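Summary of structural features
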Amino acid sequence: MPRILFLMVFLFLFGLISCQKKSADPASDLGGQGSPEELQPDKNNQLDSGPLKLRGKSVGLEQPHLYEVHLFWELPNREPSTFFIVKRNDWNAGRVVQGDQGFYQDNEVEEGKSYQYFVQMINGSKSAASGWIQMKVPRDKVFDGGEHVQAGELVEYERLFFKNRARITWQGQKLELRAQEIISEDAVFESFSSDQETAAVGLAGKDGGQLKLRVRKLSGSLFIRADGQNGGTGFQGEQGAVGQKGTVGPVAYLHWGYTDKEPPKDVYRYGGYWFYCNPARQPGTEGGVGGLGAVGLPGGKGGNTSKVFVEIEDTSSGDVFFTNKPGVGGEGGPGGIGGEGGEGGWSGEIDWKSNAPSMPQGGDLSLFHQCSSKQGAKGPQGPQGAQGPKGEDGFQAPFCLKRGNSQMGSCP
């Protein structure tokens, strides 16, 4: 009897040593599956291989960027003394799992990285193993508050987190999102950012572009505003023409005399002579009224809404709210301002030959107000032109919104 017990202990130790050797060199005797370096799969490889039929899946935790890999295997008719060793390609030692579990949870993984696993059964002298499988841990992307311009494709992430009412705008371009899950804290998807809702002066509004969203599950509230851009206000009309210049004033007659003669009142004295204009020199007529301003230019056309395709399989933990308003045509431009009033006419010439043919030279008559040249009043400014016509509104582009078993719009 002691010899039989000794033999059983010897066989158990031999099997355990054999198991450790196989764990150190898994390519030596694992059903010919090869080492993880030789496999190099480009995605999760979960094909059944070997009697243990190892499978796995990546599980995201509540916080972003945190994942676990869960491994599962089955072996019919396992015995109570069975246990398993789980090996990962970058571990120095395997992890021991009791035989009644058939499950291992690896929480030492990083997002975006690939890991390769196999499982080996130990049961006395018996040994069996799975083939290698590769698990790639997905990645998350987080948008935390504020406004984010995002166009193109956003498809390489497992989960998308939109925190603190983050706003995502695609600026009238194309945005495609695909993910397993969106976790939204009242996020807003908008075709245009707040400073781009209306086109610049004189420009038509842009169309809303295109939005494609395919998600398996939505958690929280998501608002989609696939509106067109409003048209810009029209340019102002041209200014009216300048009014006509006033006409020249009447001729003034110059008179002069000696100082020994009694001069008229308020004369200009110079070198023993006096001078005056009779009648006093008058300004020209008032300038003409400025021309009517031109009609303002039409407002810009409003942009069409975005082309939208949204498909969310599971909305049991969230909801999506959708609007797609065409852009409003821009207001007509203001009428042109009225033209400037015409310049007033200047005083007429001075006739000195009729009454002062032998007038002595010298003196500056421009210093004498009665004989100085004067300009008539400037004409009034012309009236402003009429406002231009309003631009046309955009129209609603096709859209499809699928939420679970319900849908709205034109869905294929």
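Placed above this text is the structure.
This section reports on the structure supplied with the text.

About the cut-offs
For every chain, the first residue of the written sequence is number 1, and numbering continues from 1 onward in sequence order. Totals for whole chains, interfaces and linings use every residue, but because this is a predicted model, local features are given only for residues with pLDDT of at least 70 and side-chain atom pairs only at 80 or more, for both listing and counting. Side-chain measures here rest on the full set of heavy atoms in the structure, leaving out hydrogens and waters. Should a side-chain nitrogen of Lys or Arg be within 4 Å of a carboxyl oxygen of Asp or Glu, the pair is scored as a salt bridge. Secondary structure elements follow DSSP: runs of H or I no shorter than four residues count as helices, runs of E no shorter than two count as strands, and numbering proceeds from the N terminus. Residues enter patches when they are more than 30% accessible in relative terms and free of salt bridges; like-charged ones are connected within 9 Å and nonpolar ones (Val, Leu, Ile, Met, Phe, Trp, Tyr) within 5 Å. The accessible surface values rely on the Shrake-Rupley method and a 1.4 Å probe; as for residues, cover is taken only from the protein chains in view. Each Phe, Tyr or Trp ring (for Trp, its six-membered ring) is paired with any other whose centre lies within 6.5 Å, and the angle between the two planes then decides the class: stacked below 30 degrees, edge-to-face above 60, tilted in between. Classification of residues uses two cut-offs on accessible area relative to the type maximum, computed with a 1.4 Å probe and protein chains only: under 20% is buried, over 50% is exposed, and between them is partly exposed. Here a cavity means grid points, on a 1 Å grid over the protein atoms only, where a 1.4 Å probe fits yet cannot get out; a pocket means an open set of points with protein on both sides within 12 Å along at least five of seven lines; lining residues are those with an atom within 4 Å of a point. Grid points are joined across faces, edges and corners, and a volume is the space filled by probe spheres set on the points. Each residue gets one label: Ala, Val, Leu, Ile, Met, Phe, Trp, Tyr, Cys and Pro are nonpolar, Asp, Glu, Lys and Arg are charged, and the others, such as Gly, are polar. Only buried residues count toward a nonpolar core, which is a set of Ala, Val, Leu, Ile, Met, Phe, Trp, Tyr and Cys residues joined through side-chain atoms within 4.5 Å. By definition, residues are in contact when any of their heavy atoms lie within 4.5 Å.

The next point concerns the pattern of salt bridges. In total, this model carries 14 salt bridges according to the counting rule given. Note that Arg 95 and Glu 108 form a salt bridge whose closest N and O atoms lie 3.5 Å from each other. Residue Arg 95 is found in strand 4 (residues 95-98), and its partner Glu 108 is found in the loop between strand 5 (103-106) and strand 6 (114-123); the two are separated by 13 residues along the sequence. Notably, a salt bridge pairs Glu 110 with Lys 113, separated by 3.3 Å at the nearest N-O pair. One network of salt bridges, in which partners are shared, links Glu 147, Arg 167, Glu 190 and Arg 225.

Omega for the bond connecting Asn 278 with Pro 279 falls within 30 degrees of zero, at 0 degrees, which places this linkage in the cis form. Among the structural elements, Pro 279 can be located in the loop between strand 18 (273-277) and strand 19 (307-323). Of note in this structure, Gln 171 is not a glycine but carries a positive phi near 50 degrees. Note on placement: Gln 171 falls in the loop between strand 13 (167-169) and strand 14 (174-190).

Right, let's get into a nonpolar patch on the surface. Together, Val 201, Phe 235 and Leu 297 give the surface a local cluster of nonpolar side chains, amounting to about 270 Å² of exposed area. Its location among the elements puts Leu 297 in the loop between strand 18 and strand 19.

Per the counting criterion, the structure on display carries eleven aromatic pairs. Ring centres of Trp 91 and Tyr 104 lie 6.1 Å apart, and the angle between their planes is 85 degrees; this geometry places the pair in the edge-to-face category. A residue pair is termed long-range when its members are at least 10 positions apart, and Trp 91 in the loop between strand 3 (83-88) and strand 4 and Tyr 104 in strand 5 qualify at 13 residues. Of the two residues examined, Trp 91 and Tyr 104, each falls in the buried class.

For the rest of this paragraph, the subject is the layout of surface pockets. The volume enclosed by the second largest pocket comes to roughly 200 Å³. In terms of lining residues, the second largest pocket is bounded by Glu 190, Ser 191, Phe 192, Glu 197, Arg 225, Asp 227, Gly 228, Asn 230, Lys 325, Pro 326 and Val 328. Of the residues that constitute the lining of the second largest pocket, the class distribution is three nonpolar, three polar and five charged.

Grouped together as the largest cluster of nonpolar side chains are 28 residues, with contacts concentrated most on Leu 160, Phe 162, Leu 177, Phe 189, Leu 213, Leu 222 and Ile 224. Put simply, the parts of the chain that give this core at least two residues each are strand 12 (159-163), strand 14, strand 15 (210-225), strand 19 and strand 21 (399-403). Excluding residues that lie within four positions of it along the chain, Leu 160 makes contacts with Lys 141, Leu 154, Leu 177, Ala 179, Glu 181, Ile 182 and Ile 183. If you look at the next biggest cluster of nonpolar residues, it comprises 20 residues, including Trp 73, Val 97, Tyr 115 and Val 137.

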